[in-house]
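Listed below are the residues making up each chain.
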Amino acid sequence: MTRTFGDARRWMRAGTRVLLDAASTLDEAAQRQPSGLPGWNRKSLLAHVAANADALRNLVHWAATGEETPMYASPEARTAGIESGSGLPAADLLAWLRSSAEKLDDAMASLTEEQWQTKVVTAQGRTVPATETPWMRGREVFVHTVDLGNGVTFADLPSDFLEALKIDIIDKRARSGENVPDVRGALPDVTAYLAGRPHGRVTLVGGAPAPELGPWI
């Protein structure tokens, strides 16, 4: 499938709702439990997602004003922001998660068609039109909701999103020179496998062993 800008905006909003619903049930003790990402508890994960919304809003500001505004001042500043956020009380962390998402959506809603075409630079150094930012956020909120480990799995995500994510991962890995396996199985399991997340049964055509795949997002 070919994902559209409208698809990305829809997935971003749906993923935000799923994330906030999953996170809103976590009290202080639950937030301190491990997440699905090695070395991160749920507080660190939620702080990362909140900080990501603020960072993407920098790119939206860049598109709106033409003023070059990187996502993060530096890798060190990015890490420091997550560490600081992970120390917030549960209610304050959830408030940041919610407000940062709302501010990002509001900022995007104010962009004109021309501004959406502005070239911006991601934290990975890729130059992309601002129209890519909703897709970047949609991936972030959906996949990290699964990483939160609070009942949402890849099987709960929209099938059209999963298909787009699968294609995106395959293309990204192929561009980096990896020998991406031909993975077959149920769409949620295949996509989770390619994203380096826990998954159900998948089959690699030809019988090759599954490679070690680290987290993609």
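For the structure itself, look to the data block above.
The structure reproduced in this document is the subject of the present report. (Residues numbered from 1 in each chain as written. Predicted model: local features only at pLDDT ≥ 70, side-chain atom pairs only at ≥ 80, totals over all residues. Heavy atoms only, no water.)

1. With respect to the overall build of the protein chain
Condition: Going along the chain from the N terminus, every DSSP run of H or I of four or more residues is numbered as a helix, and every run of E of two or more is numbered as a strand. C-alpha atoms define the radius of gyration, and 2.2 Å times the number of residues to the power 0.38 defines the globule rule. For the purpose of counting charges, residues Lys and Arg are taken to be positive, whereas Asp and Glu are taken to be negative. His and the chain ends are not included. Here the site of a charge means atom NZ of a Lys, CZ of an Arg, CG of an Asp or CD of a Glu.
The helix and strand tally for the protein chain stands at 9 helices and 4 strands. Relative to its length of 217 residues, the protein chain is compact, with a C-alpha radius of gyration of 17 Å against a globular reference of 17 Å. Along the three orthogonal principal directions, the C-alpha set of the protein chain runs to about 50 × 45 × 30 Å. Between the averaged position of the 23 positive side-chain charges in the protein chain and that of its 27 negative side-chain charges there is a distance of 2 Å.

2. What about the environment of Leu 45?
Test applied: Contacts between residues were defined by any pair of non-hydrogen atoms, one from each residue, lying within 4.5 Å.
Looking at the element boundaries, Leu 45 is found in helix 3 (residues 42–65). Once the C-alpha coordinates of Leu 45 and Arg 9 are considered, the two residues, 36 residues apart in sequence, prove to be 22 Å apart. Look past the residues within four positions of Leu 45 in its chain and what remains in contact with it is Ser 35, Leu 37, Trp 40, His 144, Asp 147 and Leu 148.

3. Here's the deal with the packing of helix 1 (residues 5–23) against helix 5 (residues 90–109)
Relative placement of two packed helices is described by the angle separating their axes and the distance separating the axes. We count it as follows: Angles shown run from 0 to 180 degrees and are taken between the N-to-C directions of axes, each axis being a line fitted to C-alpha atoms and, for helices, limited to the stretch in contact. By definition in this entry, angles of less than 35 degrees are roughly parallel, angles greater than 145 are roughly antiparallel, angles of 65 to 115 are roughly perpendicular, and the rest are oblique. Note on convention: the crossing is left-handed when the near helix lies turned anticlockwise from the far helix by less than a right angle, right-handed when the turn is clockwise. Each residue gets one of three labels, nonpolar for Ala, Val, Leu, Ile, Met, Phe, Trp, Tyr, Cys and Pro, charged for Asp, Glu, Lys and Arg, and polar for the others, Gly among them.
The contact between helix 1 and helix 5 brings their axes to 11 Å, and the two run at 165°. Taken together, the axes of helix 1 and helix 5 are roughly antiparallel relative to one another. Like other packed secondary-structure pairs, helix 1 and helix 5 cross with a definite hand, here left-handed. Note on element contacts: helix 5 touches helix 1 through Leu 94, Leu 97, Arg 98, Ala 101, Leu 104, Asp 105, Met 108 and Ala 109, opposite Arg 9, Met 12, Arg 13, Thr 16, Leu 19, Leu 20 and Ala 23. Classifying every residue of the contact of helix 1 with helix 5 gives 10 nonpolar, 1 polar and 4 charged.

4. Here we look at helix 9 (residues 187–194)
An α-helix turns once every 3.6 residues. As a result, residues three or four positions apart point the same way. The test is simple: Each residue gets one of three labels from its accessible area relative to the maximum for its type: buried under 20%, exposed over 50%, partly exposed in between, using a 1.4 Å probe on protein chains only.
Most of helix 9 is tucked away, with 6 of its 8 residues classed as buried. Where helix 9 is concerned, the buried positions are Pro 188, Val 190, Thr 191, Ala 192, Tyr 193 and Leu 194. Here the buried face of helix 9 lies against helix 8 (159–175), strand 3 (183–185) and strand 4 (202–204). The first or second residue beyond helix 9 is Gly 196, which carries a positive phi of 80°.

5. Things to note about the nonpolar core
The nonpolar side chains of a soluble globular protein tend to be buried, and buried together. Condition: The criterion is simple. A nonpolar core is a set of buried Ala, Val, Leu, Ile, Met, Phe, Trp, Tyr and Cys residues joined through side-chain atoms within 4.5 Å.
Grouped together as the largest cluster of nonpolar side chains are 41 residues, with contacts concentrated most on Leu 97, Phe 154, Leu 157 and Phe 161. By residue number, the principal contributor to this core is helix 1, which donates 7 residues. Beyond its immediate stretch of four places on either side in the chain, Phe 161 contacts Trp 11, Trp 135, Gly 138, Arg 139 and Phe 142. With 19 residues, the next largest nonpolar core counts Leu 59, Met 71, Tyr 72 and Met 108 among its residues.

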